[in-house]
Amino acid sequence: MNVLLLGGGGREHALAYKLSKSTKVKNLYIAPGNAGTMQHGENVPINPNDFDAIKQLIERKAIEMVVVGPEEPLVKGIYDYLKSFPELQSLRIIGPSKRGALLEGSKSFAKEFMFRHKIQTAKYFRVDQENLKHGLQFLETLNSPYVLKADGLAAGKGVVILDDLYEAKKTVADILGGRFGDAGKQLVIEEYLDGIEVSYFALTDGETFVLLPEAKDYKRIGDNNTGPNTGGMGSVSPVPFCDEEFTQKVIERIIQPTVEGLRIEDIQYCGFIFFGLMNCGGDPYVIEYNCRLGDPETQAVLMRIGNDLGDIFLAATQNELNTCKIDILPETVVTVVCANYGYPESYPKGQIVTGLNEVSDCIVFHAGTKMEGNEIVTNGGRVLAVTALGANIQQAREKAYKGLSSIQWPAKYNRSDIGLDLIHWKK
């Protein structure tokens, strides 16, 4: 197949890495890609949200499958757009319809979906300017801390957790007033769930699903989970507390009713579902859905899948996932993100990255990078994701941190504690 992969981050580099090894993939194109994805296919300078240009590329390169990495083109309706053309009816797309992508694109849609299908989640209240008074009254019924979520897409930074009721009320007004732009025209106030977070991933064809390895990510910028939320500063897979008993609860209480709900509501969905969960005393509750793989969880999760990714994607687009068995490798994977100092706020770009050729025993996935002449330079907040496999968390951690120590640029920053909390975890 000729395959087009949309996106240019660390998730897409990991997908490109796996797809380039597939016996089913003849030519791989990545739009726009980065300095790492060009090792595995041909980068094409097209914005994933430029649907007209994507269609022209599909026709020019005789693309047979499109794999959508990021959420924005899905929420904007890339699936519906491409399928609106009679000549593209046979095109295989890994990514849901616009309505399916609302699971991520609208927090209120997702919460209402969960309540309709009796999927365990925190109680909530949707707030906009018209019902602000009632929203603030709902806040007063909750115990601290208070969870506020912009309804729309906010690049992983639209969640605010506050301990003080006065500050929470003020922040509700700030969000509705434009703090997160259009994403915050309405917001969801949620009951705080006390537990430990974990991410589960499924690939569904709309009828059935296959379960991928789980992962734990680290969202805060600083060690010991301090500072503002980011898109993710590292990940670990497998997760020690996700034993067979907990995973079975996730399947029965969360994943199965979600996929069944999509089928009942006739929502077209062929693609990934990311389940952001909270383990509350051994019971899983949904914090959020994503309509794609996570980043940097993808970098860890895909390294534990032994299957040919092209085979799995073909089965999904042919409604044959029930014939697939995911080969999950026993190794532990640790991914540590190297970011630019200042992220998630302002940060420098264009700094030369050195030492990549000195890294051994790791895979370095590029995110915010680009080529300038013969040099790789920084081009985003999160720049690289250093990923290592080991027999356990400690071994994988040591490899990853040794690898990233070889990589340098003036504004390089990373957390030093990825996976530490899980090494001595006991049930």
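Model, not experiment: these values are computed from the prediction.

Looking at helix H11 (residues 309-317)
For an α-helix, 3.6 residues make a turn, and residues three or four places apart therefore share a direction. Here H11 lies mainly inside the structure; 8 of its 9 residues are buried. On the buried face of H11, the contacting elements are helix H1 (10-19), strand E4 (65-68), strand E5 (92-94), strand E10 (196-204) and strand E16 (271-280). Measuring from the backbone nitrogen of glycine 310 back to the side-chain oxygen at the start of H11 gives 2.8 Å, which picks out aspartate 308 as the cap. One or two positions beyond H11, positive phi appears at asparagine 319, with a value near 55°.

Examining the sheet that holds strand E8 (residues 159-162)
As a general point, the strands of a sheet are linked pairwise by backbone hydrogen bonds and lie either parallel or antiparallel. Taken in spatial order, the 4 strands of this open sheet run E6-E9-E7-E8, and their pairing is antiparallel. This sheet does not close on itself; its edge strands, each paired only once, are strand E6 (124-127) and E8. For this sheet the average axis-to-axis angle between neighbouring strands, irrespective of direction, equals 20°. The sheet contacts of helix H7 (residues 132-141) involve E6, strand E7 (146-150) and strand E9 (187-190), and relative to E6 the element is tilted by about 155°.

What about the pattern of salt bridges?
In this structure the tally under the stated criterion is 25 salt bridges. In this structure, glutamate 190 engages lysine 111 in a salt bridge whose closest nitrogen and oxygen atoms are separated by 3.2 Å. Of this pair, glutamate 190 sits in strand E9 while lysine 111 sits in helix H6 (residues 107-116), placing them 79 residues apart in sequence. With relative accessibility at 2%, the residue lysine 111 sits in the buried group. Lysine 169 serves as the salt-bridge partner of glutamate 140, at 2.5 Å between the closest nitrogen and oxygen. Of this pair, glutamate 140 sits in helix H7 while lysine 169 sits in helix H8 (residues 165-179), and the two are 29 residues apart along the sequence. With relative accessibility at 26%, the residue lysine 169 sits in the partly exposed group. If you follow the salt bridges from partner to partner, you end up with Lys55, Glu59 and Glu87 in one network.

Topic: the sheet that holds strand E17 (residues 283-290)
Across the sheet, 4 strands lie side by side as E11-E10-E16-E17; this open sheet has antiparallel pairing. Each edge of the sheet is formed by a strand with only one pairing partner; in this case those strands are strand E11 (209-211) and E17. Taking each pair of neighbouring strands and ignoring which way they run, the sheet shows an average axis angle of 35°. Taken together, the 9 bridges between E10 and E16 define a ladder with antiparallel strand orientation. When the bridges of E16 are listed, isoleucine 196 appears paired with asparagine 279. Helix H9 (residues 244-264) rests against E10, E11, E16 and E17 of the sheet, and its axis sits at about 40° to E17.

Looking at the nonpolar core
Residues Leu4, Ile58, Phe275, Tyr289, Leu384 and Ile407 are the most contacted members of the largest nonpolar core, which totals 78 residues. Looking at this core, the element that brings in the most residues is H9, giving 7 residues. Not counting chain neighbours up to four residues away, the residues in contact with phenylalanine 275 comprise Val198, Ser199, Tyr200, Ala202, Ile254, Ile255, Thr258, Glu288 and Tyr289. Counting residues in each nonpolar core, the second largest holds 44 residues, with Leu15, Tyr17, Leu28 and Val67 among its members.

Digging into helix H12 (residues 393-405)
Between the first and last C-alpha of H12 there are 18 Å, a value that for 13 residues agrees with the 18 Å anticipated at 1.5 Å per step. Within H12 the residues assigned to the buried category are Ile393, Ala396, Arg397, Ala400, Tyr401, Gly403 and Leu404. Looking straight down H12, one finds that the buried residues subtend no more than 155° of arc, so they occupy a single side. The inward-facing, buried residues of H12 abut strand E15 (234-237), strand E18 (332-340), strand E22 (382-390), strand E23 (412-413) and helix H13 (420-423).

Structural notes on the packing of helix H5 (residues 98-105) against H6
Where H5 meets H6, the closest approach of the two axes is 6 Å, and the angle between their N-to-C directions is 100°. Between H5 and H6, the interaxial angle falls into the category roughly perpendicular. Two secondary-structure elements touch here, H5 through Arg99, Leu102, Leu103, Glu104 and Gly105 and H6 through Lys107, Phe109, Ala110 and Phe113. Here the contact of H5 with H6 is built from residues that sort into 5 nonpolar, 1 polar and 3 charged.

Cut-offs and rules
- Per chain, residue numbering runs from 1 following the sequence as it is written.
- Where local features are concerned, this predicted model is filtered to residues with pLDDT of at least 70; where side-chain atom pairs are given and counted, the filter is 80 or more; whole-chain, interface and lining totals use all residues.
- Where side-chain values are given, they derive from all heavy atoms of the structure, hydrogens and water being excluded.
- Using a 1.4 Å probe on the protein chains alone, a residue whose accessible area is under 20% of its type maximum counts as buried, one over 50% counts as exposed, and one in between counts as partly exposed.
- Strands here are runs of E lasting at least two residues and helices are runs of H or I lasting at least four, both read from the DSSP assignment and numbered beginning at the N terminus.
- Any two residues having at least one pair of non-hydrogen atoms within 4.5 Å are treated as being in contact.
- Polar contacts, as counted here, are pairs of nitrogen or oxygen atoms within 3.5 Å of one another; within protein the pair requires one atom able to donate a hydrogen and one able to accept it, and residues that are adjacent in sequence qualify only if both atoms are side-chain atoms.
- Pairing between two strands requires that DSSP report at least two bridges joining them.
- Helix axes use the C-alpha atoms of the stretch in contact, all axes being lines fitted to C-alpha atoms, and the angles between their N-to-C directions lie in the range 0 to 180 degrees.
- Put simply, a salt bridge is a Lys or Arg side-chain nitrogen that is within 4 Å of an Asp or Glu carboxyl oxygen.
- The definition of a nonpolar core used throughout is a set of buried Ala, Val, Leu, Ile, Met, Phe, Trp, Tyr and Cys residues joined through side-chain atoms within 4.5 Å.
- How far a helix is expected to stretch is found by multiplying one less than its residue total by 1.5 Å.
- Directions drawn from the helix axis to the C-beta atoms are what define this arc.
- Here the angle decides the label: under 35 degrees means roughly parallel, over 145 means roughly antiparallel, 65 to 115 means roughly perpendicular, and every other value means oblique.
- Each residue is assigned to one of three groups, with Ala, Val, Leu, Ile, Met, Phe, Trp, Tyr, Cys and Pro labelled nonpolar, Asp, Glu, Lys and Arg labelled charged, and all others, Gly among them, labelled polar.

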